Amino acid sequence: MRASRAPRVGFVSLGCPKALVDSERILTSLRAEGYEISPSYQGADLVVVNTCGFIEAAVDESLDAIGEALAENGRVIVTGCLGARPERIRERHPSVLKITGPHAYEDVIGAVHEHLAPRHDPRLDLVPRQGIRLTPRHYAYLKISEGCNNRCSFCIIPSLRGRLASRPIDEVLGEAERLVAAGVRELLVISQDTSAYGADRHYERRSWRGESHATRFIDLARALGSLGVWVRLHYVYPYPHVDEVIELMAEGRVLPYLDVPFQHASPSVLKRMRRPAHAEDTLARIRAWRARAPELAIRSSFIVGFPGETDAEFEELIEWLEEAELDRIGCFKYSPIEGAKANDLPGPVPPEILEERYARVMELASEVSARRLAARVGKRIAALVDAVDADAGVATARSTADAPEIDGVVRIGHAAELRPGDLVEVRVTGSDAYDLTAELASASARRAG
């Protein structure tokens, strides 16, 4: 490394939005210490790989990414969820420089210091107040807690990330304010269990903007709703108190969107999964939510082929999905995860039946989505622009029903003059299974800052 330039760190971020926020925090710390962030392996003095270890497919992807970084650069530090199982990494990649676990920010920075000393320069020790972000300028993930107190039998998150540890509400709201001041138009609230926010702190009260606020899910949603930007809630377990946030959606304070991890519909399967709120009458809850907030979009994910899942239990899921008519449905084929309690359950589902059930759920998901989107044709909706193809004159945007990367998009024609971050009103002109097409409904737009 030449002494005339700052040390350069490459970064690979894998996994969920929560891991992305961890990556942003590490990058912010490195940049504040004068490190440059390299966009390529070749330009980096070492590479940090932030891994995922939630399911076996993610473990394989993480191990492949570590191998690629070693082949292309040779000096690799590993962190993230897979880092909680260092033997898996060392078995395949014994030459990595260091392995740290999830949200071990100081350990990662220390490892970088050990293998690539910082060059102190006050002119470089400057970062934006909102920190370094890996998302576009107009939206940002807002992580409100770490860990989880649930003990779902298919999940190892608590062993990887620990018990629930909520951030104080004034700290979260302060970060949200800085993001909005920097031009963010949409805040995506994430955690392992958003509904449980603050329980570990006994809902302690903190001061923000001269008023007292409880460190509690509903108080946080209400305060974020006062910032004048889109607020989207993810990973909301269907505890009874979630009903309170529907009022904020009906009032237009937060987006009418809920990401609820139902996982299954059969009570017996949910019991084997050890899911919280597994005895709730979720169909009745959904009907009540939509009655109060008719524009509500609900996303959820489901597991098929859980150990012991019978034909009758699977049919319960299908019937539930047909009646619930969720706007967005994701589906996963069950696979064993090292360390999960579900591995000890009897009755593995044969691979051919697993594939059949997965295909059936995804076919139903497509049909329901197409039907619900077709009902929006002709309506005027708000859309947030993510990208613009000036040559084609088409803008790619999202409605209030669409989270980035996991949901559908709205393609707006004759929109070359728009910019990412613009908030526009459009008229829906067409739909397919997952996306909408639209045209501008007015010449004005709330321009990106």
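Residues numbered from 1 in each chain as written. Predicted model: local features only at pLDDT ≥ 70, side-chain atom pairs only at ≥ 80, totals over all residues. Heavy atoms only, no water.

A. Quick peek at the sheet that holds strand β17 (residues 394-399). Taken in spatial order, the 5 strands close into a barrel running β16-β17-β18-β20-β19, and their pairing is mixed. Taken over all neighbouring pairs, the strand axes of this sheet differ in orientation by 50° on average, direction set aside. For strand β16 (residues 380-389) and β17, the ladder comprises 6 bridges, and the chain directions are antiparallel. By the bridge assignment for β17, Leu-384 is matched with Arg-398. (Pairing = 2+ DSSP bridges. Helix = DSSP H or I, 4+ residues; strand = E, 2+ residues; numbered from the N terminus. Axes fitted to C-alpha atoms, helices over the stretch in contact; angles between N-to-C directions.)

B. Broad picture of the sheet that holds strand β3 (residues 46-51). Pairing in this open sheet of 5 strands is parallel, and the strands run β2-β1-β3-β4-β5 from one edge to the other. The sheet is open, and its two borders are formed by β2 (36-38) and β5 (98-99), each paired with just one other strand. Seen against the sheet, helix α1 (residues 17-32) touches β1 (8-13), β2, β3 and β4 (76-80) and runs at an angle of roughly 175° to β1. (Contact = heavy atoms within 4.5 Å.)

C. Representation of the environment of Ala-383 within the structure. Tracing the chain through its elements places Ala-383 in strand β16. When the C-alpha atoms of Ala-383 and Ile-412 are compared, they prove to be 9.3 Å apart, with 29 residues separating the residues in sequence. Setting aside residues no more than four positions away along its own chain, Ala-383 makes contact with Trp-230, Ala-397, Arg-398, Ile-412, Asp-422, Leu-423, Val-424 and Val-426.

D. Here's a closer look at the packing of helix α6 (residues 169-181) against helix α7 (residues 217-224). The interhelical angle for the contact between α6 and α7, taken along N-to-C directions, is 25°, at an axis separation of 11 Å. Comparing their axes, α7 and α6 come out roughly parallel. With respect to the hand of their crossing, α6 and α7 are arranged in right-handed fashion. Facing α6, whose interface residues are Ile-169, Val-172, Leu-173 and Ala-176, α7 presents Asp-219, Leu-220, Ala-223 and Leu-224. Split by residue class, the contact of α6 with α7 holds 7 nonpolar, no polar and 1 charged. (Parallel < 35°, antiparallel > 145°, perpendicular 65-115°, else oblique. Left-handed = near helix turned anticlockwise from the far one by under 90°. Nonpolar A, V, L, I, M, F, W, Y, C, P; charged D, E, K, R; others polar.)

E. Seen up close, the packing of aromatic side chains. Enumeration according to the criterion identifies 6 aromatic pairs in this entry. Taken together, a centroid distance of 5.9 Å and an interplanar angle of 15° make the contact between Tyr-237 and Tyr-239 stacked. Here Tyr-237 matches Tyr-239 in class, with each residue buried. Seen from their ring centres, Phe-306 and Tyr-334 are 5.4 Å apart, and the 75° between their planes marks the pair as edge-to-face. With Phe-306 in the loop between β14 (297-304) and α11 (311-324) and Tyr-334 in the loop between β15 (328-333) and α12 (351-374), this residue pair connects regions lying 28 residues apart in the sequence. The pair formed by Phe-306 and Tyr-334 is uniform in burial state, with each residue classed as buried. Connected via pairs of aromatic rings, a cluster forms that spans Phe-154, Phe-306 and Tyr-334. Across from the ring centre of Tyr-203, 4.1 Å away, lies the NZ or CZ of Arg-216, which sits over that ring. (Phe/Tyr/Trp six-rings, centres within 6.5 Å; stacked < 30°, edge-to-face > 60°. Buried < 20%, exposed > 50% of the residue type's maximum accessible area, 1.4 Å probe, protein only. Lys NZ or Arg CZ within 6 Å of the ring centre and 35° of its normal.)

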